[in-house]
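Read off the chains here:
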Amino acid sequence: MGSGYSKQGKSPKLVVVFGATGAQGGSVAQALAKDNYFKVRAVTRNASSDKARALEDQGKSGSWSLHRT
């Protein structure tokens, strides 16, 4: 079963998620951030929105960061 590929010993892959405050982008960013294999950069248009601020607070854990367009 499986491909035999192991994530152990690999450096995290950088993933950029656009529309991170939306329903789909937010879900994708959060799901990827839970997996230590990915380092997530979340991009949003409105950095002053409540959702963007909540994402920014979550990003302080180090698994992802919020970027403004």
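Whatever comes next refers back to the structure up there.
Here's a quick rundown of the structure. Predicted model only: the values in this text are computed from it and were never measured.

A few points about the overall build of the protein
Logical step 1: Helices and strands together make up the secondary structure of the protein, namely two helices and three strands.
Logical step 2: Ordering the α and β elements of the protein from the N terminus gives β-α-β-α-β.
Logical step 3: Looking at the protein as a whole, 28% of its 69 residues are labelled buried.
Logical step 4: Of all intrachain contacts in the protein linking residues separated by at least 6 positions in sequence, the fraction that spans at least 24 positions is 59%.
Logical step 5: Accessible surface for the protein amounts to roughly 4900 Å². Of this, 51% is attributable to carbon and sulfur atoms.

A closer look at the pairing of strand β1 (residues 13-18)
Logical step 1: By the bridge criterion, six bridges tie β1 to strand β2 (residues 38-44) in an arrangement that is parallel. Following the sheet pairing, K13 is matched in β2 by F38.
Logical step 2: On the question of chirality, the crossover connecting β1 to the parallel β2 by way of helix α1 (residues 23-34) is right-handed.

Parameters at a glance
- Residues numbered from 1 in each chain as written.
- Predicted model: local features only at pLDDT ≥ 70, side-chain atom pairs only at ≥ 80, totals over all residues.
- Heavy atoms only, no water.
- Helix = DSSP H or I, 4+ residues; strand = E, 2+ residues; numbered from the N terminus.
- Buried < 20%, exposed > 50% of the residue type's maximum accessible area, 1.4 Å probe, protein only.
- Contact = heavy atoms within 4.5 Å.
- Areas by Shrake-Rupley, 256 points an atom, 1.4 Å probe, with all protein chains shown as cover.
- Pairing = 2+ DSSP bridges.
- Right-handed = clockwise from strand over helix to strand, strands pointing away.

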